[in-house]
Amino acid sequence: QVQLAESGGGLVQAGGSLRLSCAASGRTFSNYAMGWFRQAPGKEREFVAGISWRGGTTDYADSVKGRFTISRDNAKNTVYLQMNSLKPEDTAVYFCAARDGTMTLQPIFFNRDEYDYWGQGTQVTVSS
């Protein structure tokens, strides 16, 4: 079992920045591929960014490419999402997710059904 806890959300003006953190506890964090998803009111939960269990591969939704950066620190059992140039349409609850990445050659997982563990989410609100 893996427990995930997000932090770092808040209210920011358009053009500003936030860094989200997701602290993991439980099993070996370094074996887990990680992802960030977000869900706006009335919308489906969507993929934002993913990072492989080795940390060498990342990928992003087109809507955030060039503005968001995902990274991980296995020594701290934490994955981060640095969000720059925020827009009002980035407003959502942001969730981190984890799944064992060592049993497959696929480095990044884009579908929420591919993840086994989820955090409770952190609210990000971007004002115009």
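Above: the structure in question.
Thresholds applied
Residues numbered from 1 in each chain as written. Predicted model: local features only at pLDDT ≥ 70, side-chain atom pairs only at ≥ 80, totals over all residues. Heavy atoms only, no water. Phe/Tyr/Trp six-rings, centres within 6.5 Å; stacked < 30°, edge-to-face > 60°. Helix = DSSP H or I, 4+ residues; strand = E, 2+ residues; numbered from the N terminus. Buried < 20%, exposed > 50% of the residue type's maximum accessible area, 1.4 Å probe, protein only. Core = buried A, V, L, I, M, F, W, Y, C linked by side-chain atoms within 4.5 Å. Contact = heavy atoms within 4.5 Å. Pairing = 2+ DSSP bridges. Axes fitted to C-alpha atoms, helices over the stretch in contact; angles between N-to-C directions. Salt bridge = Lys/Arg side-chain N within 4 Å of Asp/Glu carboxyl O.

1. Overview of the packing of aromatic side chains
And then number 1: Inspection of every chain in the model, using the stated rule, returns eight aromatic pairs.
And then number 2: Arranged with centres 5.7 Å apart and planes meeting at 80°, the rings of F37 and F47 form a pair that is edge-to-face. With F37 in strand 4 (residues 32-39) and F47 in strand 5 (residues 46-51), this pair connects stretches of sequence that are ten residues apart. There is no split in this pair, since F37 and F47 are both buried.
And then number 3: Grouping aromatic residues by their ring pairs yields a cluster made of F37, F47, F95, F109, F110, Y115 and W118.

2. Digging into the nonpolar core
And then number 1: Membership of the largest hydrophobic core comes to 37 residues, with the highest contact counts inside it found for L4, M34, W36, L81, M83 and Y94.
And then number 2: Only strand 1 (2-7), strand 3 (18-26), strand 4, strand 5, strand 7 (68-73), strand 8 (78-83), strand 9 (92-100) and strand 11 (122-127) provide two or more residues apiece to this core.
And then number 3: When near neighbours in sequence (up to four residues on either side) are disregarded, L81 contacts L18, R19, L20, W36, V48, A49, F68, T69, I70 and Y94.

3. With respect to the sheet that holds strand 3
And then number 1: Taken together, four strands build an open sheet; the order of strands is 1-3-8-7 and the sheet is antiparallel. The sheet is open, and its two borders are formed by strand 1 and strand 7, each paired with just one other strand. Strand-to-strand, the axes of this sheet are offset by a mean angle of 15°, without reference to chain direction.
And then number 2: Sheet topology note: the strand 1/strand 3 ladder contains six bridges and is antiparallel. Following the sheet pairing, E6 is matched in strand 3 by C22.

4. Some thoughts on the pairing of strand 11
Two faces belong to every sheet, and in a regular strand the side chains alternate between them.
And then number 1: Going residue by residue along strand 11, you find T122, V124 and V126 tucked away on one face and Q123, T125 and S127 left uncovered on the opposite face.
And then number 2: Bridge count for strand 2 (residues 10-13) against strand 11 is four bridges, and the pairing is parallel. Following the sheet pairing, G10 is matched in strand 11 by V124.
And then number 3: In the sheet, strand 9 pairs with strand 11 via three bridges, with the strands oriented antiparallel. Looking at the pairing, A92 lines up with V124 of strand 11.

5. Brief notes about the pattern of salt bridges
And then number 1: Counting across every chain of the model gives five salt bridges.
And then number 2: Salt-bridge contacts for R112 lead to E44; the nearest nitrogen and oxygen are separated by 2.9 Å. Linking R112 in the loop between strand 9 and strand 10 (117-118) with E44 in the loop between strand 4 and strand 5, this pair joins segments that are 68 residues apart in sequence.
And then number 3: In this structure R112 comes out as partly exposed when scored by relative accessible area, which is 34%.
And then number 4: Residue classification places E44 among the exposed residues on the basis of a relative accessible area of 57%.
And then number 5: K65 is paired through a salt bridge with D62; the nearest N and O atoms lie 3.3 Å apart.
And then number 6: Owing to a relative accessible area of 64%, D62 belongs among the exposed residues under this scheme.
And then number 7: A network of salt bridges, in which partner residues are shared, links R38, E46, R67 and D90.

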